[in-house]
Amino acid sequence: MQRLIVPLRYGNFKWMDRSIHLAVIQFKPRKGDYSANLARLSGIFSQLNSLDPRPDIAVFAETALTGYFVEGGVRDVALTAGALARDLQGQYTSAVTTPRTLDVCIGFYEVWNNAFYNSALYVTLGGGEPLIRHVHRKLFLPTYGLFDEERFVDRGFEVRAFDTEWGRAAVLICEDAWHSLTGTVAALDGATMLFVVSASPARGVWPREDEGPVPANLKRWERLARDIAEEHGVFVALVNLVGTEGGKTFSGGSIVCGPHGEVRAQAPLWDESIMSISLDPQDLTRARSDTPLLTDLQTMMPHLMRNVDRIQAGERTELDYDDARTDGGPLTPAGRSADGERADAASTEEMPLRANASRNGSEALPVMRAQTTAAGPPPLDIDTELTAGWLVSFLREEFERRSFKKAVVGLSGGVDSAVTTFLAARALGAENVIAIRMPYRTSSPDSLAHAQLVVDSLGVESRTIDISAAVDGYLANEKDADPARRGNVMARERMIVLFDQSAKYHALPVGTGNKTERLLGYFTWHADDSPPINPLGDLFKTQVWQLAKFIGVPEVIVQKPASADLIEGQTDEGDFGISYAEADTILNWLVSGYSPAALAARGFDPNKVELVRKRLAGTHWKRKLPTVALLSPTGIGESYLRPVDY
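Keep in mind that what you see is a predicted model, and the values were worked out from it rather than measured.

A word on the overall build of the protein. Helices and strands together make up the secondary structure of the protein, namely 19 helices and 18 strands. Here the protein has roughly 32,400 Å² of accessible surface; of this, 52% comes from carbon and sulfur atoms.

Another aspect to go through is helix α14 (residues 541–551). Most of α14 is tucked away: eight of the eleven residues are buried. Taken residue by residue, α14 has Lys 541, Thr 542, Gln 543, Val 544, Trp 545, Leu 547, Ala 548 and Ile 551 as its buried positions. Looking at the buried residues of α14, the elements they touch are α8 (384–402), α9 (415–428), α13 (515–520), α15 (555–559) and α17 (580–591). Positive phi shows up at Gly 552, right after α14, with a value of about 95°.

This next bit is on the pairing of strand β9 (residues 235–240). The buried count for β9 comes to six of six residues, which makes it a mostly enclosed element. Alternating positions in β9 separate into two faces, Phe 235, Ala 237 and Val 239 on one and Val 236, Leu 238 and Asn 240 on the other, with burial throughout. Across three bridges, the pairing between β9 and strand β12 (residues 255–257) is antiparallel. Note on β12: the bridge partner recorded for Val 236 is Cys 257.

It is worth spelling out the sheet that holds strand β3 (residues 102–112) at this point. Reading across from one edge, β5-β4-β3-β2-β1-β14 is the order of the six strands in this open sheet, with mixed pairing throughout. The open sheet terminates on both sides in strands that have one partner only, identified here as β5 (131–137) and β14 (273–279). For this sheet, the mean angle separating the axes of adjacent strands, direction not counted, is 25°. Where strand β2 (residues 57–59) meets β3, three bridges bridge the pair, whose relative direction is parallel. In the sheet register, Ile 57 faces β3, and the bridge partner there is Asp 103. Its contacts with the sheet place helix α3 (residues 81–95) against β3, β4 (115–125) and β5, and it is angled at close to 40° to β4.

Turning our eyes to something else, we now look at a negative patch on the surface. Where like charges cluster on the molecular surface, the negative patch consists of Asp 309, Glu 315, Glu 318 and Asp 320. Among the secondary structure elements, Asp 309 is positioned in helix α7 (residues 293–313).

Turning to the pairing of strand β8 (residues 193–198), a few remarks are in order. Summarising burial for β8: six of the six residues are buried, a large majority. Residue alternation in β8 divides its side chains into two sets, Met 193, Phe 195 and Val 197 and Leu 194, Val 196 and Ser 198, and both sets are buried. In terms of strand pairing, strand β7 (residues 168–173) meets β8 through five bridges, oriented parallel. Following the sheet pairing, Val 171 is matched in β8 by Phe 195. Each parallel crossover has a hand, and the one from β7 via helix α4 (residues 180–188) to β8 is right-handed.

What follows concerns the sheet that holds strand β13 (residues 263–266). Ordered in space as β6-β7-β8-β9-β12-β13, the six strands form an open sheet in which the pairing is mixed. Across the chains shown, the open sheet's two edge strands, defined by having one partner strand only, are β6 (162–163) and β13.

A word on the packing of aromatic side chains. If you walk through the whole model with that rule in mind, you get 19 aromatic pairs. Note on Tyr 68 and Phe 147: the rings are 6.3 Å apart at their centroids and 75° apart in plane angle, and the pair reads as edge-to-face. Residue Tyr 68 is located in the loop between β2 and α2 (74–77), and its partner Phe 147 is located in the loop between β5 and β6; the two are separated by 79 residues in the primary sequence. Since its relative accessible area comes to 6%, Tyr 68 is described here as buried. For the ring pair Phe 576 and Tyr 580, a centre distance of 5.3 Å and an interplane angle of 90° mean the geometry is edge-to-face. The buried category is assigned to Tyr 580, whose relative accessible area is 0%. Each residue in the set Tyr 68, Phe 69, Tyr 144, Phe 147 and Phe 250 is aromatic and connected to the rest through ring pairs, giving one cluster.

With that settled, the discussion passes to the packing of α8 against α14. Across the interface, α8 lies against α14 with an axial gap of 9 Å and an inter-helix angle of 85°. By the angle between their axes, α8 is roughly perpendicular relative to α14. Of α14, the residues touching α8 (which contributes Thr 384, Glu 385, Thr 387, Ala 388 and Leu 391) are Gln 546, Leu 547, Phe 550 and Ile 551.

Before going further, it helps to spend a moment on the nonpolar core. Proteins that are soluble and globular tend to have nonpolar side chains buried together. Of all hydrophobic cores here, the largest spans 66 residues; its most connected members are Val 419, Leu 423, Leu 547 and Val 553. Examining the composition of this core, we find that nine residues originate from one element, α9, more than from any other. Once residues lying within four places of it in the same chain are set aside, the contact partners of Val 419 are Leu 536, Val 544, Leu 547, Ala 548, Ile 551 and Val 553.

Turning our attention to unusual backbone geometry. Residue Pro 53 is reached from Asp 52 by a cis peptide bond, and omega for that bond is 0°. Looking at the element boundaries, Pro 53 is found in the loop between α1 (34–50) and β2. The phi torsion at Glu 71 lies on the positive side, around 50°, for a residue other than glycine. Looking at the secondary structure, you find Glu 71 in the loop between β2 and α2. Here Glu 71 falls in the partly exposed class, since its relative accessible area comes to 29%. For Cys 174, which is not glycine, the phi torsion reads 45° and is therefore positive.

Glancing now at the pattern of salt bridges. Going through the model one piece at a time under the given rule, you end up with 28 salt bridges. Salt-bridge contacts for Arg 137 lead to Glu 110; the nearest nitrogen and oxygen are separated by 2.8 Å. In this pair, Arg 137 sits in strand β5 while Glu 110 sits in strand β3, placing the two residues 27 residues apart along the sequence. We note that Arg 137, like Glu 110, is buried.

Along the chain, Asp 280 falls in the loop between β14 and α6 (282–290). At 3.0 Å, the side chain of Asp 280 forms a polar contact with the backbone nitrogen of Gln 282.

This next bit is on the confidence of the model for the protein. Of the residues in the protein, 90% have a pLDDT of 70 or more, and the chain-wide mean is 88. The secondary-structure element of the protein with the lowest mean pLDDT is helix α16 (residues 572–576), recorded at 76, while β2 shows the highest, at 98. When the criterion is pLDDT under 50, residues 333–338 qualifies, and its contacts beyond four places in sequence or with other chains add up to eleven contacts. Contacts for the low-pLDDT stretch residues 340–345, under 50 throughout, to residues beyond four places or in other chains number nine contacts.

Within the secondary structure layout, His 21 lies in strand β1 (residues 20–26). At 2.6 Å, the side chain of His 21 and the side chain of Ser 278 are in polar contact. With sequence-adjacent residues up to four places away left out, His 21 is seen in contact with Pro 53, Arg 54, Pro 55, Asp 56, Ile 57, Ile 277 and Ser 278.

Conventions adopted
Residues numbered from 1 in each chain as written. Predicted model: local features only at pLDDT ≥ 70, side-chain atom pairs only at ≥ 80, totals over all residues. Heavy atoms only, no water. Helix = DSSP H or I, 4+ residues; strand = E, 2+ residues; numbered from the N terminus. Areas by Shrake-Rupley, 256 points an atom, 1.4 Å probe, with all protein chains shown as cover. Buried < 20%, exposed > 50% of the residue type's maximum accessible area, 1.4 Å probe, protein only. Contact = heavy atoms within 4.5 Å. Pairing = 2+ DSSP bridges. Axes fitted to C-alpha atoms, helices over the stretch in contact; angles between N-to-C directions. Patch = residues over 30% accessible without salt bridge, like charges linked within 9 Å, V, L, I, M, F, W, Y side chains within 5 Å. Salt bridge = Lys/Arg side-chain N within 4 Å of Asp/Glu carboxyl O. Lys, Arg positive; Asp, Glu negative; His and termini not counted. Charge placed at Lys NZ, Arg CZ, Asp CG, Glu CD. Right-handed = clockwise from strand over helix to strand, strands pointing away. Phe/Tyr/Trp six-rings, centres within 6.5 Å; stacked < 30°, edge-to-face > 60°. Parallel < 35°, antiparallel > 145°, perpendicular 65-115°, else oblique. Core = buried A, V, L, I, M, F, W, Y, C linked by side-chain atoms within 4.5 Å. Polar contact = N/O pair within 3.5 Å; in protein donor to acceptor, adjacent residues only side chain to side chain. pLDDT = per-residue confidence, 0-100.

Take a look at the structure:
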């Protein structure tokens, strides 16, 4: 049975008996396979039982036993909280024979009252029967960007704290924590620890000073958790999935925050792990004494709730100032008399002139002009260390999930295929990568030579398969084929070779196309884009060059002009009529939602913007599966929705 890595427990001193011992489990579910994922828990429970100190609580992420992006498969994997509790109890009692109990917080897809929910169960295992202490149903269901959650599950409507043997707790699920009010409600209900269970795909590879090589949205999550902890004087455990689903990688990096907003512990990126930590409840008292924000909120809450009621009722605010007359009462400001004048307020005529007021009354105040910072898209600079680790993790996950150990890569001698080969060798081992060179008789000799540099650098297996005879055999009957048609035939022949070699070696083909090519439609449909996985497809060409330098691609390959090498003397930038650097910059703005007019207003050349826009708009069809006429209520990909990896 696979075992999780257990990092060292934080701190070597002896904790007080009343300490809360917490274990954060970064778990990689096999998507849609509830039974297999559940079966792994007995081994994890056995590990937890052997730890010193033994955890009181084990926290798993959102949808930990099924994976998150199951879409229409929710109805297949959802179960009741009672059924899940009994299944967890069975796994626990099979692994732990002592009478000691364990609290478990875990996310799952729930069926309840004839509806489906994204929920989290908190249950005490051990003893005679599992004791369900709480079920939280996710309130905020993201339906934007890459999410479409509300299409498949219903909303919950409550945030409540609940009692445990060690104290009072509450659970939030992913976007619930993005709304500060939910943490406030939980704290006002007496929670001293918040469990935030998440399945948030990692996004953002641009570098950030002093933050280290972590995905941009993970730093945002860290700030959220720290703010919730500090504002309310509570412990916060943020637990995230690991693994990949449909190209979306869950980063891990789970954290535990103390009530001063400090990060007490952080789990590793990308990998499964158990992170054990002990927490002293007396820290709550110290934090709330130092910063009594929760006490202030408890005092003001009745007044704030009246404000909310008036806002909900649509009441307009009555403006009151300059000591207007009042009838008096407990909320009348102190010092206000019945005629509306403050008894202790001097008139402006009686106010003495303060010394040095307004710099002696004659000197002008200093003026500071702040630099204007306009909003814009994410930067094109990338954190190369983070990006390389991310893509290596992606490749390992995809190969493991698809049950392949070997990869075949079409190695052209260009930078994209070189970077892909380097990444595959890191992920799988050089002995498991087969580089396939597929020259045509007019191909540049440099292409073969540069491909050989990659083979020699990595020590991967290689084959050279000349496609000239196959291509010429077809084109012999197509005398009028122009260079574009001939190039498409070559590209499709290379895909035939690559997939046939994948069958020969029982190896998975790995794509090499970058984001710029994909957005500009600069590829042959059902040829360059055919491999089932592609590590570079969300990196612009200029970002691939950055990554190539970091991972050690030979400099001659990085520096040479990019070319598909389908036509003698052809270059990518010559075909585009614009450099990659310019195209990437414009594309980055356009796909981030900025209009051509907005780019022109920022100083971009309107002609170049239009050139890029036309290629982008005119090639959407190449980035989609074939269009199928919708006739039934169960159209594939429209109503019948099951992800490709489930």
